[in-house]
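# Topology and contacts: notes
Residues per chain, in single letters:
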Amino acid sequence: KEEPLSVTLGIGSPEHDCEGRAITLEYPDYYFVTAYVPNAQDGLKRLDYRMDWEDKLRSYLSDLDKQKPVFYCGDLNVAHQEIDLKNPSSNRGNAGFSDEERDSFGKLLDAGFTDTFRFKNPDANPGKVVINTLLFFVFAIGVGYISYKIFKKVDYNLLLTFCAFFIFVGNL
């Protein structure tokens, strides 16, 4: 077990860090960041807060990436594509599948991160995936999405393309 060089709580944003949603571990060759992304809630009541949080998180991750590769994982509270849900039409516009949340996730991918599940399984359908959701306290097979197996019980895991290559080629 390797101890991290440093541990940082939050994303450098006092208005968001008070909720304790992110932890960064710094290692010699990379950063490991895990986050519990704010849920937009019923009726998207907290969507503005979430979008501000995601903008600040993306900036934080990009700043880290300028120093060394970033592994990012956690409960991201989003289904990026219709293929990520069993019933996308009935979920459209709901928390986790609003256009704003999906667009924000796309911006993270555009910033150079890789959805490792989609990288490895570009055409996986909901019949092959699993979700563990605390919101409804259920564990259901065939509904939702699962992360890449290297990280357990998280919605999505993102890596810089370089790191994704290293993981798949290096068999971490």
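Higher on the page you've got the structure.
Below, the structure is looked at part by part.

Parameters at a glance
Residues numbered from 1 in each chain as written. Predicted model: local features only at pLDDT ≥ 70, side-chain atom pairs only at ≥ 80, totals over all residues. Heavy atoms only, no water. Helix = DSSP H or I, 4+ residues; strand = E, 2+ residues; numbered from the N terminus. Expected span 1.5 Å × (residues − 1). Buried < 20%, exposed > 50% of the residue type's maximum accessible area, 1.4 Å probe, protein only. Axes fitted to C-alpha atoms, helices over the stretch in contact; angles between N-to-C directions. Parallel < 35°, antiparallel > 145°, perpendicular 65-115°, else oblique. Contact = heavy atoms within 4.5 Å. Nonpolar A, V, L, I, M, F, W, Y, C, P; charged D, E, K, R; others polar. Phe/Tyr/Trp six-rings, centres within 6.5 Å; stacked < 30°, edge-to-face > 60°. Lys NZ or Arg CZ within 6 Å of the ring centre and 35° of its normal. Salt bridge = Lys/Arg side-chain N within 4 Å of Asp/Glu carboxyl O. Core = buried A, V, L, I, M, F, W, Y, C linked by side-chain atoms within 4.5 Å.

Right, let's get into helix α2 (residues 47-65). Its 19 residues give α2 an end-to-end C-alpha distance of 26 Å, which sits within 8% of 27 Å, the value for a rise of 1.5 Å per residue. Of all the positions in α2, only L47, Y49, R50, M51, W53, E54, L57, R58, Y60, L61 and L64 are classed as buried.

What follows concerns the packing of α2 against helix α4 (residues 99-110). Running from N to C, α2 and α4 point in directions that differ by 0 degrees, and their axes come no closer than 10 Å. Taken together, the axis directions place α2 and α4 in an arrangement best described as roughly parallel. Facing α2, whose interface residues are L47, R50, M51, E54, R58 and L61, α4 presents E100, E101, S104, F105, K107 and L108. A per-class count over the contact of α2 with α4 returns five nonpolar, one polar and six charged.

Counted according to the given criterion, the structure contains two aromatic pairs. Relative to F71, the ring of Y30 lies with its centre 5.0 Å away and its plane at 70 degrees, an arrangement referred to as edge-to-face. Residue Y30 is located in the loop between β2 (22-26) and β3 (31-36), and its partner F71 is located in strand β4 (residues 70-75); the two are separated by 41 residues in the primary sequence. Exposure remark for Y30: the relative accessible area of 28% places this residue in the partly exposed category. For F71, a relative accessible area of 9% puts it in the buried group. An aromatic cluster of three or more residues is present, and its members are Y27, Y30 and F71. Here the basic side chain of R21 rests over the ring of Y36, its NZ or CZ set 4.9 Å away from the ring centre. When the ring centre of Y31 is taken as origin, the NZ or CZ atom of K68, which lies over that ring, is 5.1 Å away.

Summed over all chains, the structure comprises 11 salt bridges. Among the salt bridges present, the one from E26 reaches K68, with a minimum N-O distance of 2.9 Å. On the criterion of sequence distance, the pair formed by E26 in strand β2 and K68 in the loop between α2 and β4 is long-range, its members being 42 residues apart. Of the two residues, E26 and K68, both sit in the buried class.

Turning our eyes to something else, we now look at the nonpolar core. Core analysis: the largest hydrophobic core is formed by 19 residues, its most contacted members being W53, L57, L61, V70 and Y72. Of all the secondary structure elements, the ones that give two or more residues to this core are β3, α2, β4 and α4. For this core, the leading source of residues is α2, giving six residues.

Turning our eyes to something else, we now look at the environment of E3. Here E3 shows up in the segment before β1 (6-9). With 24 residues separating them along the chain, E3 and Y27 place their C-alpha atoms 7.9 Å apart.

Inspection of the secondary structure puts R58 in helix α2. Not counting residues within four places of it along the chain, the set of residues in contact with R58 comprises S104, K107 and L108.

Any functional reading would require information beyond the geometric quantities listed.
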